[in-house]
Number of protein chains: 2
Amino acid sequence: MTPELNDCRFLRAARRQSVDTTPVWIMRQAGRYLPEYRSVRDKVSFLELCKRPDLAAEVTLTAQQALGVDAAILFADLLPILEPMGFQLEYTSGGGPKIHNPIRTSEDLKRVRAGDLDELGFVYDTVRLVRKQLPANIPLLGFAGAPFTLASYAIEGGGSRDFARTKRLMYGCPDLWTGLMQRLVDSVVGYLERQIEAGCQAVQLFDSWAGCLSPADYRQYALPYTKGIFDRLPAHVPAIHFLTGNPALLPLQREAGGSIIGLDWRIDLADAWSRVGLDVAVQGNLDPLVLQADLATLKTQTRAVLDAAGGRPGHIFNLGHGVLPETDPNQVKALVAMVHEMGAARS
Amino acid sequence: MTPELNDCRFLRAARRQSVDTTPVWIMRQAGRYLPEYRSVRDKVSFLELCKRPDLAAEVTLTAQQALGVDAAILFADLLPILEPMGFQLEYTSGGGPKIHNPIRTSEDLKRVRAGDLDELGFVYDTVRLVRKQLPANIPLLGFAGAPFTLASYAIEGGGSRDFARTKRLMYGCPDLWTGLMQRLVDSVVGYLERQIEAGCQAVQLFDSWAGCLSPADYRQYALPYTKGIFDRLPAHVPAIHFLTGNPALLPLQREAGGSIIGLDWRIDLADAWSRVGLDVAVQGNLDPLVLQADLATLKTQTRAVLDAAGGRPGHIFNLGHGVLPETDPNQVKALVAMVHEMGAARS
């Protein structure tokens, strides 16, 4: 890593060092709300876009440049990691992802492998292409799904409202659950290691669905596996642990690992930071829908997040969830400018 | 109220008085998982069932009797209150409720009335029929939706994943929001008052969707209206305030009112009770999916909830959300028996 990159705003904040202003990036910043993204996406399917390093690199870079954010995040999806593990994945138009051979019985587990992560070479190629073209002071983030979230998809076969199949299997078939989760841990570690080797300066683990668990169930069925991943990642690489949907899990989210705790918008940032401990960095936590409000509301709520962070080193500004497709890109650009302006006054 | 009813297990716990064992009832206890319910439902549509006092009373009573729970809850739905307010409601088969004329603009607000609550006479008739036939020591609970939850339906026109229209209107049209919420408050108060007059001993307000709000937004856009309802209900009637999806709102949920705080399963009950204050009763908080686990898991998790309550007067056992259709009724019966047995040892 060059000294310039090592000393960039995002990585300094990730290490809880002082910054000239609050760094900001936007979850799903390379997404459908952006005309530059849509024009690429019009030509290829979602899965094809994920698997074409030239195009994936293009949308990654375009978003960073268009918004002026302090980090780029690899354009990819949570689920392709399941393919080398033996799952048949399809993105139906409009209906979201579908897994044609979900895991339901102990018999099914036999065909689930830890996976040959080299099969996801298109991801590492994208990382290399992006890193080559990114400004010297902009880090590139890699990412993967957390084991509970990936397991939910592998079991439900798609999205779910109450995660009934997942929980039934989790409660009813402990060996099957453990077997699946361990294979996911091994796969995710291998996947993130390769992303880092290819040129990512930090990584984020997305636990999009673990919020459906009670604290006791999270501790028993999810935490050990998430922790297994963070324990095995190289210690010098900042790792963001994002979990959404249940602020009561925050202390356990911290216990599971990550040097930066990613927050959704359901809790006040100051409250959250004191619950996870002031000795860790935090990321968040504006409600994505505030981007669809008027500028005055956007400003008030952005200021409230920065006020809650209180100018303490170690805050990375972000939404509490991915930016929504109906969002006006100009609002996102305005948000980035606001954070940089207001953050400078506080730093 | 007879002395026997006044001194029943549920009402004693609601007043935080000592009990012989922990009272228990199950949200959505008269529901599709129960064969007795399905045999009635096979003959009529959902809306017809809601509007036929003889049948609504039958499923209310059957569920209480079949399960041996300590309270009956009026069979009804959250949304028919919107009809006298001017909304056109339909329950599509499989697709959930649909409102054909959702509110989107200030112009739309003109056709929204506080509503003539006497139009919901079928509900009060059901209450009278049930009260006549219930055992003398079993209270009947009435209920209604909380203003935010009802407003979401009225704006979205049905269910929603991210409540985008609701939040856009809430941020962008403060007068429209206030106008709608005030009409909802007036309607809900009138509706619950009539349920109480007809024979309900306690009521529950369901805020099923407010968990999508940040604490600051809940305080600004939801709390004043929910509080407006609790402030106007007769003080001697126990009122359960149930909110799901965001444990960080608990202190504000308490502030909004209710003599019993209804918890979902996302937080440990002891933690929740200490956050809302020990000077209020609590209800909850088993994950409904645990009913689909083996008996040993059900027992362990039931014991954990009772342990968290610690035998303190003022705990009403319940699930953290409605019982799911795929649940085995025998598991629900086993749960009720367990609570009564384990609760007796703690009381």
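Moving on, we get to the overall build of chain A. Of the regular secondary structure elements, chain A holds 15 helices and nine strands. Over its C-alpha atoms, taken along the principal directions, chain A stretches across nearly 60 × 45 × 40 Å. Pairs at least 24 residues apart make up 73% of the contacts formed inside chain A by residues separated by at least 6 positions.

Residues and elements named next belong to chain B. With six of six residues buried, strand 5 (residues 202-207) is to be regarded as a mostly interior element. Residues of strand 5 alternate between two faces, with Ala-202, Gln-204 and Phe-206 on one and Val-203, Leu-205 and Asp-207 on the opposite face, all of them buried. For the crossover that starts at strand 5, traverses helix 11 (residues 215-232) and ends in the parallel strand 6 (residues 239-243), the hand is right-handed.

With respect to the helices, strands and loops of the structure, B:Gly258 is situated in the loop between helix 12 (250-256) and strand 7 (260-262). Leaving out residues up to four positions away in the same chain, B:Gly258 has contacts with B:Leu205, B:Phe230, B:Ala239, B:Ile240 and B:His241.

A few words now on helix 13 (residues 269-276) of chain A. Residue and element names in this part refer to chain A. By the burial criterion, the buried members of helix 13 are Leu-269, Ala-272, Trp-273 and Val-276. The buried residues of helix 13 occupy one face: seen down the axis, they fall within an arc of 100 degrees. Tucked into the core, helix 13 has its buried residues touching helix 12 (250-256), strand 7 (260-262), strand 8 (281-286) and helix 14 (295-309). Looking one or two residues past helix 13, Gly-277 carries a phi angle of roughly 105 degrees, positive in sign.

This part takes up the relation of the copies chain B and chain A. Note on the identical chains: chain B maps onto chain A by a rotation of 180 degrees and an axial translation of 0.0 Å, with an RMSD of 0.0 Å. Look at the turn and shift together and you get a two-fold axis relating the two. When the interface residues of chain B are mapped onto chain A, 100% of them again fall at the interface, so both copies present the same face.

To continue, consider the sheet that holds strand 4 (residues 140-145) of chain A. Residues and elements named next belong to chain A. One open sheet holds the seven strands; their spatial order is 1-4-5-6-7-8-9, and the pairing between them is parallel. Unpaired on one side and paired on the other, strand 1 (72-73) and strand 9 (315-319) mark the two borders of the sheet. Here helix 10 (residues 174-198) sits on the sheet and contacts strand 4 and strand 5 (202-207); the angle it forms with strand 4, its principal contact strand, is near 170 degrees. In this fold helix 14 packs onto strand 8 and strand 9, with an angle of close to 160 degrees to the strand it touches most, strand 8.

The subject of this paragraph is the environment of B:Pro238. Residues and elements named next belong to chain B. Positionally, Pro-238 belongs in the loop between helix 11 and strand 6. Counting along the chain gives 97 residues from Pro-238 to Leu-141, while the straight-line C-alpha distance between them is 9.5 Å. What Pro-238 contacts, discounting residues up to four positions off in sequence, is Leu-11, Ala-14, Ala-202, Ser-259 and Ile-260.

Once that is clear, we can look at the sheet that holds strand 8 (residues 281-286) of chain B. Residues and elements named next belong to chain B. One open sheet holds the seven strands; their spatial order is 1-4-5-6-7-8-9, and the pairing between them is parallel. Unpaired on one side and paired on the other, strand 1 (72-73) and strand 9 (315-319) mark the two borders of the sheet. Across five bridges, strand 5 lies against strand 6 in parallel orientation. When the bridges of strand 6 are listed, Val-203 appears paired with Ala-239. Packing of helix 10 (residues 174-198) onto the sheet brings it into contact with strand 4 (140-145) and strand 5, and relative to strand 4 it is tilted by some 170 degrees.

The subject of this paragraph is the packing of helix 8 (residues 147-156) of chain B against helix 10 of chain B. Residues and elements named next belong to chain B. At their nearest, the axes of helix 8 and helix 10 sit 10 Å apart, and the two run at 120 degrees to each other. One way to sum up the angle between helix 8 and helix 10 is to call them oblique. The hand of the helix 8/helix 10 crossing is right-handed. Across from Pro-147, Leu-150, Ala-151 and Ala-154 in helix 8, the residues of helix 10 making contact are Leu-180, Met-181, Leu-184, Val-185 and Val-188.

Chain B puts 26 residues into the contact, and the matching count from chain A is 26 residues. Elements represented by at least two residues in the side of chain B that touches chain A include exactly helix 9 (164-172), helix 11 and helix 14 (295-309) of chain B. Of all the elements, helix 9 of chain B adds the most residues to the side of chain B that touches chain A, at five residues. Counted by class, the side of chain B that touches chain A contains 12 nonpolar, five polar and nine charged residues.

Every buried residue belonging to helix 9 (residues 164-172) of chain A is among A:Thr166, A:Lys167, A:Leu169, A:Met170 and A:Tyr171, and all of these are buried. Check the buried side of helix 9 of chain A and you find it contacts helix 8 (147-156), helix 10 and helix 11 (215-232) of chain A together with helix 14 of chain B.

A few words now on unusual backbone geometry. Note that the residue after A:Gly284, namely A:Asn285, is joined by a cis bond; omega there is -5 degrees. Among the structural elements, A:Asn285 can be located in strand 8. Not every positive phi belongs to a glycine, and A:Phe163 is a case in point at roughly 55 degrees. Here A:Phe163 shows up in the loop between helix 8 and helix 9. Phi at B:Arg16 takes a positive value of approximately 60 degrees, unusual for a residue other than glycine. The topology assignment puts B:Arg16 in the loop between helix 2 (9-14) and helix 3 (35-41). Using a count of 18 C-beta atoms within 10 Å as the deciding quantity, one classes B:Arg16 as partly exposed.

Interpretation of this model should avoid reading the predicted coordinates in detail wherever pLDDT is low. Summarising the model, chain A shows a mean pLDDT of 96, and 100% of its residues fall at 70 or more. Taken together, the chains of this predicted complex give a pTM of 0.97 and an interface ipTM of 0.96.

Below, the discussion takes up the pairing of strand 5 of chain A. Two strands pair when backbone bridges link them, and strand 4 of chain A and strand 5 of chain A are joined in this way by five bridges, in the parallel orientation. Each bridged residue has a counterpart across the sheet, and for A:Leu141 the counterpart in strand 5 of chain A is A:Ala202.

It is worth spelling out the environment of A:Leu184 at this point. Residue and element names in this part refer to chain A. For Leu-184, the position within the fold is in helix 10. Among the residues examined, Leu-184 registers 28 C-beta atoms within 10 Å and is labelled buried. C-alpha of Leu-184 to C-alpha of Leu-306: the two residues are 122 residues apart in sequence and 36 Å apart in space.

Scoring rules and cut-offs
- Residues numbered from 1 in each chain as written.
- Chains lettered and ligands numbered in written order.
- Predicted model: local features only at pLDDT ≥ 70, side-chain atom pairs only at ≥ 80, totals over all residues.
- Helix = DSSP H or I, 4+ residues; strand = E, 2+ residues; numbered from the N terminus.
- Contact = placed C-beta atoms within 7 Å.
- Buried ≥ 20, exposed ≤ 12 C-beta atoms within 10 Å, placed from the backbone.
- Right-handed = clockwise from strand over helix to strand, strands pointing away.
- Arc of directions from axis to C-beta.
- Least-squares fit on C-alpha atoms with pLDDT ≥ 70 in both.
- Pairing = 2+ DSSP bridges.
- Axes fitted to C-alpha atoms, helices over the stretch in contact; angles between N-to-C directions.
- Parallel < 35°, antiparallel > 145°, perpendicular 65-115°, else oblique.
- Left-handed = near helix turned anticlockwise from the far one by under 90°.
- Nonpolar A, V, L, I, M, F, W, Y, C, P; charged D, E, K, R; others polar.
- pLDDT = per-residue confidence, 0-100.

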